[in-house]
Amino acid sequence: MAVSIHPSVDQGVKKGSANFAGGTLTCLCSSQRVTVKLDANVAHNHACGCTKCWKPKGAVFSVVAVVGATRSRSRRTATS
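Residues numbered from 1 in each chain as written. Predicted model: local features only at pLDDT ≥ 70, side-chain atom pairs only at ≥ 80, totals over all residues. Heavy atoms only, no water.

Caption draft 1: Quick peek at the pattern of salt bridges. With the rule as written, the count across this model stands at two salt bridges. A salt bridge links Lys37 to Asp39; the nearest nitrogen and oxygen atoms lie 3.5 Å apart. Residue Lys37 is classed as partly exposed on the basis of its relative accessible area, which comes to 32%. Between Arg73 and Asp39 there is a salt bridge, and its shortest N-O distance comes to 2.4 Å. Of the two residues, Arg73 is situated in strand E5 (residues 72-77) and Asp39 in the loop between strand E2 (33-38) and strand E3 (44-48); the sequence distance between them amounts to 34 residues. What you see here is one network of salt bridges that share partners, running through Lys37, Asp39 and Arg73. (Salt bridge = Lys/Arg side-chain N within 4 Å of Asp/Glu carboxyl O. Buried < 20%, exposed > 50% of the residue type's maximum accessible area, 1.4 Å probe, protein only. Helix = DSSP H or I, 4+ residues; strand = E, 2+ residues; numbered from the N terminus.)

So, in structure tokens, the structure goes:
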């Protein structure tokens with residue numbers, strides 16, 4: 001039986017677009033939701049197996065996109 005590393009890579013890694021200029025991502029947390037705005041392409045991806053990173057149910061790793069600190073902004077909003 002195969003181990004699920006992460007749903008986005010279990011069926012193979014898809015190459016990203018060289019023209020990706022950034023975007024906005026929002027986590028799915030029920031409280032203290034975090035939104036991150038990227039103003040650049042991703043430098044590389046990282047698979048993290050620590051206990052602090054969010055992982056989809058059954059996944060062993062989280063997938064983290066790495067981008068330069070001066071090219072990203074984040075904000076946290078409380079949700080009820």
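Caption draft 2: Geometry of the pairing of strand E1 (residues 23-26). Bridging between E1 and E2 involves four bridges; their strand directions are antiparallel. By the bridge assignment for E2, Thr24 is matched with Lys37. (Pairing = 2+ DSSP bridges.)

Caption draft 3: Region of interest: the environment of Phe61. Following the sequence through the fold, Phe61 ends up in the loop between E3 and strand E4 (62-66). Remark: the alpha-carbon pair of Phe61 and Cys50, spanning 11 residues in sequence, is separated by 7.7 Å. Sequence-distant contacts of Phe61, defined by excluding residues within four places in its chain, comprise Ile5, His6, Ala47, Cys48, Gly49, Lys55 and Pro56. (Contact = heavy atoms within 4.5 Å.)

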